[in-house]
Amino acid sequence: MPPTDKEPIRILLVDDEPMVLGLMTSVMEGQESYAVETASNGEEALAKIKRCPPDLLIPDLIMPK
């Protein structure tokens, strides 16, 4: 279901580097229109996608798992 004007865009950030996740989360959460969730590896990301698919996925392409 696409977001409405009142619902934030759900973003899933996936990266195995905590500093990168923290920085990207800080920047995106500063915007009221985004709800950010993170995952530190591919397996965790897939589980979150199955549970509640995000509107936008921003993955690190080179990481374990």
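Residues numbered from 1 in each chain as written. Predicted model: local features only at pLDDT ≥ 70, side-chain atom pairs only at ≥ 80, totals over all residues. Heavy atoms only, no water.

Draft legend 1. Just the pairing of strand 2 (residues 34-39), in detail. Of the pairings in the sheet, the one linking strand 1 (residues 9-14) to strand 2 comprises six bridges and is parallel in character. Across the sheet, Leu-12 pairs through a bridge with Glu-37, a residue of strand 2. For the handedness criterion, the β-α-β arrangement of strand 1, helix 1 (residues 18-29) and strand 2 is classed as right-handed. (Pairing = 2+ DSSP bridges. Helix = DSSP H or I, 4+ residues; strand = E, 2+ residues; numbered from the N terminus. Right-handed = clockwise from strand over helix to strand, strands pointing away.)

Draft legend 2. Local environment of the sheet that holds strand 3 (residues 56-59). Read from one edge of the open sheet, three strands run 2-1-3, paired in parallel fashion. Strands at the two margins of the open sheet, each flanked by one partner only, are strand 2 and strand 3. For this sheet the average axis-to-axis angle between neighbouring strands, irrespective of direction, equals 20 degrees. Both strand 1 and strand 3 contribute to a ladder of four bridges, which runs parallel. Opposite Leu-12, over in strand 3, you have Leu-57 as the bridge partner. The strands touched by helix 1 are strand 1, strand 2 and strand 3; relative to strand 2, the strand with the most contacts, the crossing angle is about 170 degrees. Here helix 2 (residues 42-51) sits on the sheet and contacts strand 1, strand 2 and strand 3; the angle it forms with strand 2, its principal contact strand, is near 140 degrees. (Axes fitted to C-alpha atoms, helices over the stretch in contact; angles between N-to-C directions. Contact = heavy atoms within 4.5 Å.)

Draft legend 3. Representation of the nonpolar core. One finds Ile-11, Leu-13, Leu-21, Met-28 and Val-36 forming the largest nonpolar core, which totals five residues. Looking at this core, the elements that each hand over two or more residues are strand 1 and helix 1. With residues near it in sequence (within four places) discarded, Val-36 still touches Ile-11, Leu-13, Thr-25, Met-28 and Glu-29. (Core = buried A, V, L, I, M, F, W, Y, C linked by side-chain atoms within 4.5 Å. Buried < 20%, exposed > 50% of the residue type's maximum accessible area, 1.4 Å probe, protein only.)

Geometry only, nothing functional implied.
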